Structures are given as structure tokens and as C-alpha cells.
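# Structural overview
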Amino acid sequence: MSVIRIVSTVHFCLRSASLIAAAGVFAAVLGSTPARADDYDAALKDVQSTMGGVPSFLKQFPKAGLPGAWAEVKAIELSDKTALTPKEKSLISLAVAAQIPCSYCIWSDTQNAKHAGATDEEIQEAVAMAALTRHWSTIFNGMQVDFDQFKKEMGGE
């Protein structure tokens, strides 16, 4: 992937509200000690240098959680040193967002997926897979299908 495309992808991805929203869930787990003011200021400075600005929703995020949330977003979602490609990450995030549902995430993940090279067909299939998984999960759980029997019949233990 070219440096220009990486920078462009990072810039575009960082504009996504879903990135910080998803990371925020884990921020409390990541940092058991309170964040210091300089940690918060450093995180904002890093956002500024990475994105060329700080989106207003980040300024609404709890100061104690922002440094951890931003670190997680950079380490997982924005890193090119992970097992998944940016396109795969965006499609997974879109499928989850469709199930939550989160209109902010659906919009931004769709944009991110397209920016990462996903076709309309891939986007549609990712959402359909989320729906299919939700459908069968409803069946299995609602009908209280025996889990051990299920695994045995499906070629497991």
C-alpha cells in the first residue's frame, strides 16, 4: 500500500465516529489508573497531527478515557500491522453497526469500506451475513438448541 494511500486511509478513518465510539467501550478496561491532563493533551495533539484537526465529538468524550480510546483505535483500526486489511476491518465494523444499529457507524463504515476498495456487492454481502448470523442466533437461542448436540452434528467435538 502506498504511503499516500495509507495517509489518506488513516485521515478518512479517523473522521469516523464509530472508531472512537467502539474504542470508548474498552477505554475503561485499558486504563485502570486515571489519565493525567498531559495524557489527554498529548492524545489531542496526536489526533491533530494525524487528522489535521480534532473532530468536535472527541471534545465531548470523557477526558479520562480519550488517551486509551485513541491508542486503541490507532493500534487496531488504523494500524497497517494487523492481521486484517482496512477493507476487512471496515466490512466487519459495518456488519456490527447494522446489527446495533448505529446510523453514525453505518454511514462512516460504509464510506471507509468504499475508500478501502470494497465494492457495493461486498458491502451488501457483509450486511447480509450480519443479518443471517442474527437470524440463526435467534433460532438457536430461542429454541434452546442443545449446544453439545449442535457441535457434534456440525463436525465438532
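Residues numbered from 1 in each chain as written. Predicted model: local features only at pLDDT ≥ 70, side-chain atom pairs only at ≥ 80, totals over all residues. Heavy atoms only, no water.

### Observations regarding the overall build of the protein
Looking only at helices and strands, one finds nine helices and zero strands in the protein. Along the chain direction, N to C, the helices and strands of the protein fall in the order α-α-α-α-α-α-α-α-α. Per-residue burial for the protein yields a buried fraction of 29% across its 157 residues. Of the roughly 10200 Å² that the protein leaves accessible, carbon and sulfur atoms contribute 61%. (Helix = DSSP H or I, 4+ residues; strand = E, 2+ residues; numbered from the N terminus. Buried < 20%, exposed > 50% of the residue type's maximum accessible area, 1.4 Å probe, protein only. Areas by Shrake-Rupley, 256 points an atom, 1.4 Å probe, with all protein chains shown as cover.)

### Focus: unusual backbone geometry
The bulk of non-glycine residues show a negative phi, and the bulk of peptide bonds are trans. A cis amide bond links I100 to the next residue, P101, at an omega of -20°. Counting through the fold element by element, P101 comes out in the loop between α6 (86–99) and α7 (103–115). The phi torsion at Q144 lies on the positive side, around 50°, for a residue other than glycine. Its location among the elements puts Q144 in the loop between α8 (120–142) and α9 (147–153).

### Section: the nonpolar core
Of all hydrophobic cores here, the largest spans 10 residues; its members are Y40, A43, L44, V47, M51, L58, F61, L66, A69 and W70. Breaking this core down by element, the ones donating at least two residues are α3 (37–51) and α5 (66–77). Per-element accounting of this core gives the leading share, five residues, to α3. The residues contacting Y40, other than those within four sequence positions of it, are K59, K63, L66 and P67. One finds L91, L94, A118 and A126 within the second-largest nonpolar core, a separate group that totals six residues. (Core = buried A, V, L, I, M, F, W, Y, C linked by side-chain atoms within 4.5 Å. Contact = heavy atoms within 4.5 Å.)

### Observations concerning the packing of aromatic side chains
Evaluated as defined, the whole model comprises two aromatic pairs. For the pair W136 and F140, a centre-to-centre distance of 5.8 Å together with 35° between the ring planes defines the contact as tilted. Remark: F140 and W136 occur in helix α8; sequence separation between them is four residues, near one turn of the helix. Judged by relative accessible area, F140 falls into the partly exposed class, the value being 31%. Taken together, the ring pairs connect W136, F140 and F150 into an aromatic cluster. (Phe/Tyr/Trp six-rings, centres within 6.5 Å; stacked < 30°, edge-to-face > 60°.)

### Observations concerning the confidence of the model for the protein
Predicted confidence across the protein gives a mean pLDDT of 83, with 78% of residues reaching 70 or more. Across residues 1–33 the pLDDT falls below 50, and counting only partners more than four positions away or on other chains, this stretch makes 57 contacts in the model. (pLDDT = per-residue confidence, 0-100.)

### Quick notes on the packing of α6 against α8
Across the interface, α6 lies against α8 with an axial gap of 9 Å and an inter-helix angle of 45°. Comparing the axis directions of α6 and α8 gives the class oblique. The crossing of α6 and α8 is right-handed. For the pair α6 and α8, contact is made by K87, L91, L94, A95, A98 and Q99 and by E122, I123, A126, V127, A130, A131 and R134, respectively. Partitioning the contact of α6 with α8 into residue classes produces nine nonpolar, one polar and three charged. (Axes fitted to C-alpha atoms, helices over the stretch in contact; angles between N-to-C directions. Parallel < 35°, antiparallel > 145°, perpendicular 65-115°, else oblique. Left-handed = near helix turned anticlockwise from the far one by under 90°. Nonpolar A, V, L, I, M, F, W, Y, C, P; charged D, E, K, R; others polar.)

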